[in-house]
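Each chain is listed here by its residues.
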Amino acid sequence: MTAQEVRYWDEPLECMPRPQLEQYQLAKLRDQLGYIREHSPFYRRKFDSAHVVPGDIRSLDAVRQIPFTEKDELRQSQAASPPWGDFGCIAPREAVRVFQTSGTTGRPVRVMLSGKDWFETYYQQFSHFRCGFGLSAADVLFVPFNYGLYVAWWGFQAAMEQAGLMVIPGGGLSSKDRLRAMLEWEATAICGTPSYLLYLAETARKSGVDLPGSPIRKVIAAGEPGAGIPSTKKAIESQWGAECFDDIGSTEISNFGYECIMHQGTHVIEGMFLAEVMDPETLEPLPDGQIGELVLTNLCCSSMPLVRYRTHDLVRFDRAVCSCGRTYLRLDGGVLGRSDDMFHFAGVNIFPAQIQKLLHEINEFSQEYQLVVPRLGSGKHLRIRVEPANENVPESRLKAARDHLVEIVKYRVTVTPDVEICEAGSLPRVEGKAKRVVRED
Ligand SMILES: [Zn+2]
C-alpha cells in the first residue's frame, strides 16, 4: 500500500495537547449540562436526585457524581410518555429526521434530530471519520443499505455528499446487482457490517468478480465489533484487496469512533464526546490499558444528548499520541465485546473476547471455543473448550498448543485454566451470537 497523507478535519482540536483538550472538554461539559438541565425533565430529575448543579462541575472527574444513563431508562421514558419520552431537549416540531434502534434487545428507542444536529453535528462527526479514513471528494462511495428507520449509513451518506464525494445509494438491490453497480460506477469505497462485507466478497468470488482488481480501495466497517478483530479485518482486507476501517456509533449516542490510516486503534472524537471507562461490576473508573465498559457523554448534540450513557461495549483506552499526530484517545482493538458477557471468576473479571483474542493467535485451534465456569467454591479451574483447526493437526502440536494457551491465559488473564481439546467441528456453530460461556451447576 502506498504511503498516504494524514488528513485532519480540525487539526488544532484533534492534535491539542491533553491538558488543553481536557480544559476544552470541561468548558463544553459545563455548558452542555446547563443546557440539558434547562431543557430535559428526565435529566433535571437525575441531576437533582444526585444534588448536581452543572455550574459546580469544576473538573472532568466531577461528572462521576451524575448517575449513569441506561438504555432501559430511555425505553421506560418513551413508554411512559410516548412517542418521545421526556429525556430530549427539543420539541418534535424542531426535528427534521427521526430514527429508531433495531429493537433486538427490547422495545426500540426513538431518536429525533433537529436540523442543527442532522446538518451540522452529524456532519462534523462524519467529517472526522472521512478525514480519518483518508477519503476525499475524488472518492466514489457505494452504500449497500436498505434505507429505513435504522440510522446505519444515513448520516454517513449525507455527510459524504455534503463533503463532495459521489455517493451511489445501493438500497433495494440484490447482492449481485450491488456488485455490478459498484463496478460499473467505479466505486472506490464501500461501507457495511463486517459480516455483510464478507458475504458480498463471497458472492463476488462465486460470480467470478475480481474484487481485489476493482477500484475499491477503502472499506468502512460498522455495526458489529469485527473491524477491530484482527482475523476478521485481515479477511475483509484480503478478500476486498482494500484497506479496512472501523467506524463506531449508535442511534442513541451518535457517531463517536473512527480508525485513522495508521490503524492503531479506533479514535474517539474527544472534542465532541467525554469518554470514561469503568469496571462493569463495581462501576468504578479503570486506569488506561484495562478492559472495561465505555461510558459516553455527548458534548455537542443538542436534540437528545445523553449524559454518562452506558454503551455496554468493552474497550481498552490508549491515550498515547497516535502516529497520525492526533491526541484523541484510541480504543485499542476497537470494541472488544459486550459487558453483558463478562463474568467474575477467581477474583478476576473475565471477558470472552480476551480469551478469544489469545486463541486467535494459535493456528492449531479453530476459532470456536467455549468457557465452562465451574460452580463457586467447587475448587475447579475455569475450563476452555477448544477444537483443532482441522483433523490433520498432529497430536504433539495440539499438546504444545494447549500448554501454550494455558501459559498465555495465566499470564494475560491471571487465571490458570484447564484446556479441553474437543473433536474437530464438534463445538456448536450458530448463525447469530454464539453462546461462549457455560455455567456449571
Ligand atoms: Zn491516529
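Predicted model only: the values in this text are computed from it and were never measured.

Rules behind the numbers
Residues numbered from 1 in each chain as written. Predicted model: local features only at pLDDT ≥ 70, side-chain atom pairs only at ≥ 80, totals over all residues. Heavy atoms only, no water. Domains from an automatic or database assignment. Contact = heavy atoms within 4.5 Å. Buried area = accessible area lost by both parts, 1.4 Å probe. Core = buried A, V, L, I, M, F, W, Y, C linked by side-chain atoms within 4.5 Å. Buried < 20%, exposed > 50% of the residue type's maximum accessible area, 1.4 Å probe, protein only. Helix = DSSP H or I, 4+ residues; strand = E, 2+ residues; numbered from the N terminus. Donors = N, O, S within 2.8 Å, 3.2 Å for Na, K, Ca; no water. Tetrahedral: all angles 85-135°; square planar, octahedral: opposite > 155°, others 65-115°.

Engineer: Where do I start with the domain arrangement of the protein chain in this structure?
Structural biologist: The figure often quoted for interface size is the accessible area lost as the parts come together. Considered domain by domain, the protein chain is made up of domain 1 (1–336) and domain 2 (343–439). Between domain 1 and domain 2, the C-alpha centre-to-centre distance is 32 Å. Facing the nine residues of domain 1 at the interface are eight residues of domain 2. Taken over both partners, the interface formed by domain 1 and domain 2 buries close to 690 Å², and the fraction arising from carbon and sulfur atoms is 63%.

Engineer: I tried to follow the nonpolar core on my own but got confused; where do I start?
Structural biologist: Within soluble globular proteins, side chains that are nonpolar tend to cluster in buried spots. Counting 76 residues, the largest nonpolar core has Leu141, Phe156 and Met160 as the members making the most contacts within it. Per-element tally for this core: the top contributor is helix α5 (residues 115–133), with six residues. Once residues within four sequence positions are removed from consideration, Phe156 is found in contact with Phe126, Phe133, Leu135, Leu141, Cys191 and Ile220. Formed by 26 residues, the second largest nonpolar core is a distinct cluster that contains Phe343, Ile355, Leu371 and Val393.

Engineer: Explanation requested: the coordination of the zinc ion in the structure shown.
Structural biologist: Each pair of donors in an ideal octahedron of six around a metal sits at 90 or 180 degrees, and each pair in an ideal tetrahedron of four sits at 109.5 degrees. Around the zinc ion, the protein supplies Cys260 (SG), His267 (NE2), Cys322 (SG) and Cys324 (SG) as donor atoms, at distances of 2.1 to 2.3 Å. Of note is the zinc ion, whose four donor atoms meet at the metal with angles of 103 to 113° in an arrangement that counts as tetrahedral.

Engineer: Just to check I follow, could you spell out unusual backbone geometry for this structure?
Structural biologist: Most of the time, phi is negative for any residue but glycine, and the peptide bond is trans. A cis geometry characterises the amide bond from Pro82 onward to Pro83, with omega recorded as -5°. Along the chain, Pro83 turns up in the loop between α4 (71–80) and β1 (95–100). In the Ramachandran plot, Ser254 falls in the positive-phi region, its phi being about 75° despite a non-glycine side chain. Topologically, Ser254 is positioned in strand β8 (residues 254–259). Here Ser254 falls in the buried class, since its relative accessible area comes to 2%. A positive phi angle, near 55°, is found at His263, a position not held by glycine. Among the secondary structure elements, His263 is positioned in the loop between β8 and β9 (266–268). Classification of His263 by relative accessible area gives partly exposed; the value is 29%.

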